[in-house]
Amino acid sequence: MEARRGRPPKEKKGLFAKDLSQLMYGFGDVPNPASDTVNVLEEMVIDYITEMCIKASQVAGTRSKVKVEDFKFLLRNDPKKLARVEELLYMSEDIKRARQSFDPKEMEIPLRGGENSKFDL
C-alpha cells in the first residue's frame, strides 16, 4: 500500500460523493453507483487535489501565497487540463463582469399598484 504524502487525511468522507455519483451516471454508470466505488473515486480525487496543491506550493517557493499561475505551470504539459483551467478562469471573469454591469433597480417590479405603476393587479 502506498504511503500518503502531505497532511494526514481528515475525516471528510462523502464531501464529493453526491457530485461524483452524478458524474459517474453522466458518463454512463448506473444511476446509483456502489458506495465503495464512489468512495474509492473520492479518495483518488482528494489525493489528486492534495498533490496538486502541494506541488503548487513547491512551485511558489518562497512566496507566501500560491497563485493561479503556479497551477497553470504544473499543467503546462497537459493541454486538455490547461485548456479547461483557462476556460473556467475566463468564464469566472465573464460572470464577474456581468454581475458588475447588472443593475438590480432595473429588475424591480412592483407587485401592487403604486404611484409609478401602470397596472393595478
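Note that the coordinates shown come from a computational prediction; the quantities given were computed from them, not determined experimentally. (Residues numbered from 1 in each chain as written. Predicted model: local features only at pLDDT ≥ 70, side-chain atom pairs only at ≥ 80, totals over all residues. Heavy atoms only, no water.)

K.L.:
Can you lay out the pattern of salt bridges for me, pointing to particular residues and giving the numbers?
P.N.:
A pair can form between side chains of opposite charge whenever their charged atoms are brought close. Going through the model one piece at a time under the given rule, you end up with six salt bridges. Here Arg84 makes a salt bridge to Glu87, at a shortest N to O gap of 3.3 Å. Residue Arg84 and its partner Glu87 are located together in helix H4 (residues 79-101), separated by three residues, close to a single helical turn. Using a relative accessible area of 43% as the deciding quantity, one classes Arg84 as partly exposed. We classify Glu87 as partly exposed; its relative accessible area is 44%. Salt-bridge contacts for Asp94 lead to Arg97; the nearest nitrogen and oxygen are separated by 3.5 Å. Placement of both Asp94 and Arg97 in helix H4 is noted, with a separation of three residues, approximately one turn of the helix. According to the relative accessible area criterion, Asp94 is partly exposed, its value standing at 33%. Under the relative-accessibility criterion, Arg97 is labelled partly exposed at 42%. (Salt bridge = Lys/Arg side-chain N within 4 Å of Asp/Glu carboxyl O. Helix = DSSP H or I, 4+ residues; strand = E, 2+ residues; numbered from the N terminus. Buried < 20%, exposed > 50% of the residue type's maximum accessible area, 1.4 Å probe, protein only.)

K.L.:
Let's hear about helix H2 (residues 35-60): which residues, and what values?
P.N.:
Relative to the 38 Å expected for 26 residues at 1.5 Å per residue, H2 spans 37 Å between its end C-alpha atoms, a close match to the ideal helical length. Restricting attention to buried positions, one finds in H2 the residues Val38, Glu42, Met52, Ala56 and Ala60. In the core, the buried residues of H2 are packed alongside helix H1 (17-26) and helix H3 (68-74). Positive phi shows up at Gly61, right after H2, with a value of about 65°. (Expected span 1.5 Å × (residues − 1). Contact = heavy atoms within 4.5 Å.)

Without other data, these values stay purely geometric and don't point to any function.
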